[in-house]
Amino acid sequence: MTISADHTAPDTTSPQEAPDTALNEAVKKFGITVEDYMLPARHQIQMVDPDGRLKPEGEQGTQPGHEYPVPGDKELLEAYERLVVGRRVNDQNSALVRQGRMAVYPSSHGQEACQVAAALCLNEGDWMFPTYRDAVAVMTRGVDPVQVMTIFRGDWHGGYDPLKYKVGIQCTPLTTQLLHAVGVAHAAKLRGEDTVVLAMCGDGATSEGDFHEALNFAAVFHLPVIFFVQNNKYAISVPLAHQSVAPSLAHKAVGYGMAGERVDGNDVVALLAVLDRAVKLAREGSGPLLVEANTYRMQAHTNADDDTRYRESAEVAEWRAKDPVNRMRTYLTDRGLLDDDGEARIREHAEAVAAQLREGLSEDVPVDPQELFRHVFAVQTPQLKEQSAMLADELARDAAATDSKEAGK
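Treat the numbers as computed from the prediction; the structure is a model and nothing was measured.

Some remarks on the packing of helix α8 (residues 176-191) against helix α9 (residues 209-220)
Moving on, step 1. Two elements in contact, α8 and α9, have axes whose closest approach is 8 Å; the angle formed by their N-to-C orientations is 15°. Taken together, the axes of α8 and α9 are roughly parallel relative to one another. You can see that α8 and α9 cross each other, and the crossing is left-handed. Residues Thr176, Leu178, Leu179, Val182 and His186 of α8 lie in contact with α9, whose contacting residues are Asp210, Phe211, Glu213, Ala214, Phe217 and Ala218.
Moving on, step 2. Residue composition of the contact of α8 with α9, grouped by class: seven nonpolar, two polar and two charged.

Digging into the side chain of Glu343
Moving on, step 1. Tracing the backbone through its elements, the reader meets Glu343 in helix α14 (residues 340-360).
Moving on, step 2. Residue classification places Glu343 among the buried residues on the basis of a relative accessible area of 15%.
Moving on, step 3. A polar contact of 3.5 Å, which involves the side chain of Glu343, links it to the side chain of Arg329.
Moving on, step 4. When sequence neighbours within four positions are dropped, the list of residues in contact with Glu343 reads Tyr80, Arg329 and Leu338.

Looking at the UniProt feature "domain: Dehydrogenase E1 component" (unreviewed entry) in the protein
Moving on, step 1. Within the UniProt annotation, "domain: Dehydrogenase E1 component" (unreviewed entry) is assigned to residues 84-352.
Moving on, step 2. Between the first and last C-alpha atoms of residues 84-352 the distance is 12 Å; the span itself is 45% helix and 12% strand.

Some remarks on the nonpolar core
Moving on, step 1. Grouped together as the largest cluster of nonpolar side chains are 78 residues, with contacts concentrated most on Tyr37, Tyr105, Met149, Ile226, Phe228 and Met328.
Moving on, step 2. Here this core takes twelve residues from helix α11 (residues 268-283), the largest share from any one element.
Moving on, step 3. Setting aside residues no more than four positions away along its own chain, Phe228 makes contact with Cys114, Ala118, Leu198, Ala199, Met200, Cys201, Leu271, Leu275, Val291 and Ala293.
Moving on, step 4. Within the second largest apolar cluster, 26 residues are counted, among which are Phe211, Leu215, Phe221 and Leu249.

Details of the environment of Gln92
Moving on, step 1. Following the sequence through the fold, Gln92 ends up in helix α3 (residues 73-98).
Moving on, step 2. Given a relative accessible area of 5%, Gln92 falls into the buried group.
Moving on, step 3. On a C-alpha basis, the gap between Gln92 and Tyr132 in space is 17 Å, while along the polypeptide they are 40 residues apart.
Moving on, step 4. If sequence neighbours within four positions are ignored, Gln92 has contacts with Ala354 and Arg358.
Moving on, step 5. A polar contact is formed between the side chain of Gln92 and the side chain of Arg358, at a distance of 2.7 Å.

Criteria and cut-off values
- Residues numbered from 1 in each chain as written.
- Predicted model: local features only at pLDDT ≥ 70, side-chain atom pairs only at ≥ 80, totals over all residues.
- Heavy atoms only, no water.
- Axes fitted to C-alpha atoms, helices over the stretch in contact; angles between N-to-C directions.
- Helix = DSSP H or I, 4+ residues; strand = E, 2+ residues; numbered from the N terminus.
- Parallel < 35°, antiparallel > 145°, perpendicular 65-115°, else oblique.
- Left-handed = near helix turned anticlockwise from the far one by under 90°.
- Contact = heavy atoms within 4.5 Å.
- Nonpolar A, V, L, I, M, F, W, Y, C, P; charged D, E, K, R; others polar.
- Buried < 20%, exposed > 50% of the residue type's maximum accessible area, 1.4 Å probe, protein only.
- Polar contact = N/O pair within 3.5 Å; in protein donor to acceptor, adjacent residues only side chain to side chain.
- UniProt positions renumbered as here; feature names shortened; annotations may be inferred.
- Core = buried A, V, L, I, M, F, W, Y, C linked by side-chain atoms within 4.5 Å.

As structure tokens, then:
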């Protein structure tokens, strides 16, 4: 790909010089080397252990330049409510698939902490580019739940307006959303906008060429992008060990000249801390960052997948003990931030969202065959006009034949 001079960022340095200068400036505030800034901390960041206990500061995996304060109570309570709603939505959608009211649903059951933190770390004017498994993140961003699920019942459109919510349409093609995210970040920088872009992907996406292109472009042009990798250990049926032998996926960041960090993807406290700081750094001009969240896909890839063919039940049981919802409930309860009344209110909210999905996805959608041609191009090609006319004629003849038959009865 050739980038013309007109597409460089509006500063006095060339694209090749800008990242190095900016990285040195970003590192000064931490008092560490550029290498120590770019490399992830020696241990993954974990603040609350699987039993719901806040770990001592010295055991959280932090080190100079990689320090994270515990988020505020209000943010944590909102995150927990979103976790509970997300879990209920995941389970409700799986039931709707079995009932035939949705065509497919890639559940994020067990990954809800990643979903919630990804949405809550962003400002209203920031952008998110999700994968097909990130419906809970899209909902948490404020999109109507029924609109989010529209794509999964087989409708021709994505269900919601990306410009309104600053959320890209959920991508089924692997990794293409990273390129879209980088493009939006590049445009925002050229316009001088205060925009941070969060690009979501899974571990399987890191094996794709689009992953390399997106990260390299973002680093060279020093763009405000956070690449958020949800490492759920499987690319459908391919385990991570068959994809990469890097020390971690976060270590890939240094090869592109950006900072990387790894965090417990089932610890929403640590996720919020790490992503909040990543957004702050990107907004301040520190360039792109890569955050790897270690989590686990508790259910099959989709309803069409049989996960018992490639993983053992004991492995799933091991991760069930690290459940992000239970962990956060215990933490908030022990701190006196959550009581029975609060829990009941949150559960009631989750049930209301589930009921909204049941009702909305049970409605029959009017079918207009001409929509096949209406939104392919802004101006229809002669071929599409011809095909549209042929279909209209066939439908008219079918309707006339039906009317004639009814009249003869």
